[in-house]
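Structure at a glance
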Amino acid sequence: MKRVAIIGIGQTPVREHWDRSLRELAVDALWQALDDAQRNEIDGLYVGNMLGGVLSEQEHLGAVIADFSGFAGIEAVKVEGACASGAAAFRQGVLAVASGQKKCVAVVGVEKLTEHAGWHSTGALATAADADFETSLGLTFVALNALIKQRFMFEHKLTKEPFAHFPVLAHHNAQYNPHAMFRQPISVEQYLKAKMIAEPINLLDSSPIADGAAAVILAPLDELQKNDRRLVEVLACEVGTDSVALHDRKNLLMLQGVQMSAQRAFKTAGLTPREISFFEPHDAFSIMTALSIEASGFMIATEALKHADNGYFAIDGRLPICTMGGLKGRGHPVGATGIYQVVEATMQLRGEAPSAIQVARLRYGMTQNIGGTGATVVTTILKGKS
């Protein structure tokens, strides 16, 4: 297997893009990535998207985006893995290059979620849950995460306040990210007063749905100028899965899909959790941040909650997280989120993040994209030149 490098990145702002179609967002990000890579040819295109057919009435996105971007004729497919669709597509691109089947590929994550009424988008997102045993009972993803958080708080005798520090941190970092949807800090007091959505999850526990697209260009590392400090190597990109329905899990509070995905990624990369310089978790809900940190092997969830308020996860802390705002501050354009994470991690490893949120002393970055409540998980480990 060949070593694979990220040679170009692109992204659109995460917003409500009412004036731009799904394909226009995707091609914008793709062309940015090609310009960044200084390439004008690709021989493969992998598109991460969850709800194009439901909300944009457009499936067949591989061919649509290849044609609209001027690459009709190349291999082009859509990859779907619920909220992990972006990273699932990234893995397919990595495997295509690593196997020698492709010389240079693009991976694009794209989603439009804001053009419909909230109930319609919420219902569409719920199709990633178990249709027979969860959504048929009216359970949305907010409700499912509320059940998990309720159980966690009960078992550990916690109040809501310790969870405030994760969204506070995400918003603090997002204010410096020009592509983020919410570029303003929030306080613990605001968190505690926020509107309740599904007890005990409130509005500031939850990442916002959004529109956006992000893209990366991948090529074999051994065919590149290895002294190029902008090259970022893909050391691992591994998948773990779990039951879709919460009631089928052995332990409601252990994200087994995260654990398997992270362990496989660490083994492939030849690293341990202590060697990771920063971590981009799938912070769709604050409870998922805590549980992901534990399942990935960094520390137990209750310890993570204690560290969230002491600078441990800050930009200058031991393990910076959500360095450009995460899903909470940047926004969560579902099928694109995994690629936004990779783009942001690449910027960090190149030293190209905004100065206020540029992590110092870094070598290895880790991203984690979660589908559903942890049924599909893709963990990626990247290596910079510094």
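A water-sized probe rolled over the atoms picks out the places where empty space is left. As a volume, the largest pocket reaches approximately 620 Å³. Taken together, 28 residues make up the lining of the largest pocket; nearest its centre are Val142, Ser206, Ser207, Ile209 and Phe285. Those elements that place two or more of their residues in the lining of the largest pocket are helix 5 (118–125), helix 6 (141–156) and strand 5 (196–198). Here the residues of the lining of the largest pocket sort into 16 nonpolar, 10 polar and two charged. Here the second largest pocket defines a volume of roughly 260 Å³. Around the second largest pocket, the lining is made up of 15 residues, and of these Val94, Ala98, Val234, Leu235 and Thr268 lie nearest the centre. Going through the elements one at a time, helix 4 (85–98) and strand 8 (232–241) are the ones with two or more residues in the lining of the second largest pocket. For the lining of the second largest pocket, the element with the highest residue contribution is strand 8, accounting for six residues. Its residues assigned to classes, the lining of the second largest pocket shows nine nonpolar, one polar and five charged.

By the definition in use, this model includes five aromatic pairs. A centroid spacing of 6.0 Å and a plane angle of 75° characterise the contact between phenylalanine 152 and phenylalanine 163, whose relative ring orientation is edge-to-face. Remark: phenylalanine 163 occurs in the loop between helix 6 and helix 7 (165–174) and phenylalanine 152 occurs in helix 6; sequence separation between them is 11 residues. With centroids separated by 6.0 Å and ring planes inclined at 45°, the aromatic side chains of phenylalanine 166 and phenylalanine 313 adopt a geometry described as tilted. Taken as a pair, phenylalanine 166 in helix 7 and phenylalanine 313 in the loop between helix 11 (301–307) and helix 12 (326–330) lie far apart in primary sequence, 147 residues in all.

Most of strand 10 (residues 364–371) is tucked away: eight of the eight residues are buried. Side chains of strand 10 alternate between two faces, with Tyr364, Met366, Gln368 and Ile370 and Gly365, Thr367, Asn369 and Gly371 buried alike. In terms of strand pairing, strand 9 (residues 278–280) meets strand 10 through three bridges, oriented parallel. Paired with phenylalanine 278 across the two strands is glycine 365, which belongs to strand 10. As paired elements, strand 10 and strand 11 (residues 376–383) share eight bridges and run antiparallel to each other. Across the sheet, residue methionine 366 finds its bridge partner in strand 11, namely isoleucine 381.

Turning our attention to the environment of phenylalanine 278. Here phenylalanine 278 lies in strand 9. Remark: the alpha-carbon pair of phenylalanine 278 and isoleucine 315, spanning 37 residues in sequence, is separated by 8.6 Å.

In the contact formed by helix 4 and helix 13 (residues 334–350), the axes pass within 5 Å of each other and the chain directions differ by 60°. Contacts between helix 4 and helix 13 involve Ser85, Gly86, Ala87 and Phe90 from the former and Gly335, Gly338, Ile339 and Val342 from the latter. Counted by class, the contact of helix 4 with helix 13 contains four nonpolar, four polar and no charged residues.

Turning our eyes to something else, we now look at the nonpolar core. Phe166, Ile293, Phe313, Ile321 and Ile381 are the most contacted members of the largest nonpolar core, which has 67 residues in total. Take this core: its biggest share by element is seven residues, from helix 6. Apart from the residues lying within four places of it in its own chain, the contact partners of isoleucine 293 are Phe166, Phe279, Phe298, Met299, Ala304, Phe313 and Ile321. Within the second largest apolar cluster, 41 residues are counted, among which are Ile6, Ala87, Ala353 and Val359.

Its location among the elements puts aspartate 43 in the loop between helix 1 (22–37) and strand 2 (44–48). Here the alpha-carbon distance between aspartate 43 and threonine 346, two residues 303 residues apart in the chain, equals 22 Å. Once residues within four sequence positions are removed from consideration, aspartate 43 is found in contact with Ile74, Glu75, Lys102, Lys103, Cys104 and Val105. At a separation of 2.9 Å, a polar atom in the side chain of aspartate 43 contacts the main-chain amide nitrogen of lysine 103.

This part is about helix 3 (residues 61–68). Among the residues making up helix 3, those that are buried are Leu61, Gly62, Val64, Ile65 and Ala66. Considering only its buried residues, helix 3 is in contact with helix 1, strand 2, strand 3 (75–79) and strand 4 (105–111).

Before going further, it helps to examine the side chain of glutamate 238. With respect to the helices, strands and loops of the structure, glutamate 238 is situated in strand 8. Using a relative accessible area of 16% as the deciding quantity, one classes glutamate 238 as buried. Residues in contact with glutamate 238, not counting those within four places in the same chain, are Arg91, Ser261, Arg264, Ala265, Thr268, Val377, Val378 and Thr379.

Take helix 4 next. An ideal rise of 1.5 Å per residue puts 20 Å on 14 residues; helix 4 measures up with 20 Å between its terminal C-alpha atoms. Of all the positions in helix 4, only Ser85, Gly86, Ala87, Ala88, Ala89, Phe90, Gly93, Val94, Ala96, Val97 and Ala98 are classed as buried.

Another point: the pattern of salt bridges. Under the counting rule described, the total for this entry stands at 16 salt bridges. Measuring nitrogen to oxygen at the nearest pair gives 2.9 Å for the salt bridge that ties arginine 230 to glutamate 352. Taken as a pair, arginine 230 in the loop between strand 7 (212–220) and strand 8 and glutamate 352 in the loop between helix 13 and strand 10 lie far apart in primary sequence, 122 residues in all. Sharing partners across several salt bridges, the network here consists of Asp36, Arg230, Arg350 and Glu352.

Conventions and cut-offs
Residues numbered from 1 in each chain as written. Predicted model: local features only at pLDDT ≥ 70, side-chain atom pairs only at ≥ 80, totals over all residues. Heavy atoms only, no water. 1 Å grid on protein atoms, 1.4 Å probe; cavity = no way out; pocket = protein on both sides within 12 Å on 5 of 7 lines; lining within 4 Å. Points joined across faces, edges and corners; volume = space filled by probe spheres on them. Helix = DSSP H or I, 4+ residues; strand = E, 2+ residues; numbered from the N terminus. Nonpolar A, V, L, I, M, F, W, Y, C, P; charged D, E, K, R; others polar. Phe/Tyr/Trp six-rings, centres within 6.5 Å; stacked < 30°, edge-to-face > 60°. Buried < 20%, exposed > 50% of the residue type's maximum accessible area, 1.4 Å probe, protein only. Pairing = 2+ DSSP bridges. Axes fitted to C-alpha atoms, helices over the stretch in contact; angles between N-to-C directions. Contact = heavy atoms within 4.5 Å. Core = buried A, V, L, I, M, F, W, Y, C linked by side-chain atoms within 4.5 Å. Polar contact = N/O pair within 3.5 Å; in protein donor to acceptor, adjacent residues only side chain to side chain. Expected span 1.5 Å × (residues − 1). Salt bridge = Lys/Arg side-chain N within 4 Å of Asp/Glu carboxyl O.

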